[in-house]
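# Structural overview
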Amino acid sequence: MISRQELTKCLGAVLLTLACLPVWAADEIPETIVVTSTSFEHNTDIPWQYSAYGAGVSPEISWSNLPEGTRQLALILDDPIVGMLQPFVHWIAYNIPVTATGLPERLSPDAIVTYPGLEGMINGANGIRRSGYFGPRPPVDGKVHTYNFRIYALDHEMNLPDGLNKASLLNEMRGHILATGLLTGNFEYTD
């Protein structure tokens, strides 16, 4: 017989799994975009300066190998293990021109991006309801947190308004994603 505590824990795990599924979970989207950074290598530690404990500046992110037919790009950065019912969102960027090959270090957090070559890009609402990059700030919980920088290649120019959050952006992108790519960084706060 399963105890009430075990049942609650199990149901919580099921709800967490369902909440973390993207809205297009049934679709098969190839992961063929190559995402890199001069700030850190894939699956290594994110340097302190890019955390909210440090300077909180955005790292440089680059991509290549976009599929044919790509018309626009988007980025979502989240931490899937913060312990809430859904990943914590650290950065939403969309309306990224297809001609862009990356985002520079220290990109302005302004909602409307005016950086040369990124005209039209929008920094959406992150998990603290502000625009732009919000660096890793995990609790002192003894866990290494994983930060997923995911790039999306879209089949048309979305030209979405500013202020969208992750859920809204995912809904707008549904059915328009040609491919994705992932760069993962790790961060753990220690005293």
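Keep in mind that what you see is a predicted model, and the values were worked out from it rather than measured.

Okay, the pairing of strand S8 (residues 145–154) next. Judged by how many residues are buried, S8 sits mostly within the fold: 9 of 10 residues are covered. Sheet analysis places strand S4 (residues 72–79) next to S8, joined by 7 bridges and oriented antiparallel. Bridged to Ala-74 within S8 is Tyr-152.

So, on to the nonpolar core. Among the nonpolar cores identified, the biggest contains 28 residues, and Trp-63, Ile-96 and Phe-149 are the most heavily contacted of them. Elements with a minimum of two residues in this core: strand S3 (61–64), S4, strand S5 (88–97), S8 and strand S9 (177–187). It is S8 that provides the largest number of residues to this core, a total of 4 residues. Filtering out sequence-adjacent residues up to four positions away, Trp-63 remains in contact with Ile-33, Val-34, Val-35, Leu-73, Ile-96, Ala-100, Thr-101, Gly-102, Leu-103 and Ile-151. Counting residues in hydrophobic clusters, the runner-up holds 15 residues, among them Val-89, Met-158, Leu-169 and Leu-170.

The next subject is the packing of aromatic side chains. As enumerated under the stated definition, the model contains 8 aromatic pairs in all. Ring plane angle 45 degrees and centroid distance 5.6 Å describe the contact between Phe-40 and Phe-149, whose orientation is recorded as tilted. Of this pair, Phe-40 sits in the loop between strand S1 (34–36) and strand S2 (44–45) while Phe-149 sits in strand S8, and the two are 109 residues apart along the sequence. Since its relative accessible area comes to 5%, Phe-40 is described here as buried. Using a relative accessible area of 1% as the deciding quantity, one classes Phe-149 as buried. Joined through ring pairs, the aromatic side chains of Trp-48, Tyr-53, Phe-187 and Tyr-189 make up one cluster.

Looking at where His-176 falls in the secondary structure, it is placed in the loop between helix H2 (166–173) and S9. We classify His-176 as partly exposed; its relative accessible area is 26%. Sequence spacing of His-176 and Leu-154 is 22 residues, and the spatial spacing of their C-alpha atoms is 5.3 Å. With sequence-adjacent residues up to four places away left out, His-176 is seen in contact with Ala-153, Leu-154, Asp-155 and His-156.

This next bit is on the sheet that holds S1. Pairing is antiparallel across the open sheet formed by 3 strands, whose spatial order is S1-S3-S6. Looking along the sheet, the strands with just one partner apiece sit at the ends: S1 and strand S6 (102–103). As paired elements, S3 and S6 share 2 bridges and run antiparallel to each other. Following the sheet pairing, Ser-62 is matched in S6 by Gly-102.

What counts and what doesn't
Residues numbered from 1 in each chain as written. Predicted model: local features only at pLDDT ≥ 70, side-chain atom pairs only at ≥ 80, totals over all residues. Heavy atoms only, no water. Buried < 20%, exposed > 50% of the residue type's maximum accessible area, 1.4 Å probe, protein only. Helix = DSSP H or I, 4+ residues; strand = E, 2+ residues; numbered from the N terminus. Pairing = 2+ DSSP bridges. Core = buried A, V, L, I, M, F, W, Y, C linked by side-chain atoms within 4.5 Å. Contact = heavy atoms within 4.5 Å. Phe/Tyr/Trp six-rings, centres within 6.5 Å; stacked < 30°, edge-to-face > 60°.

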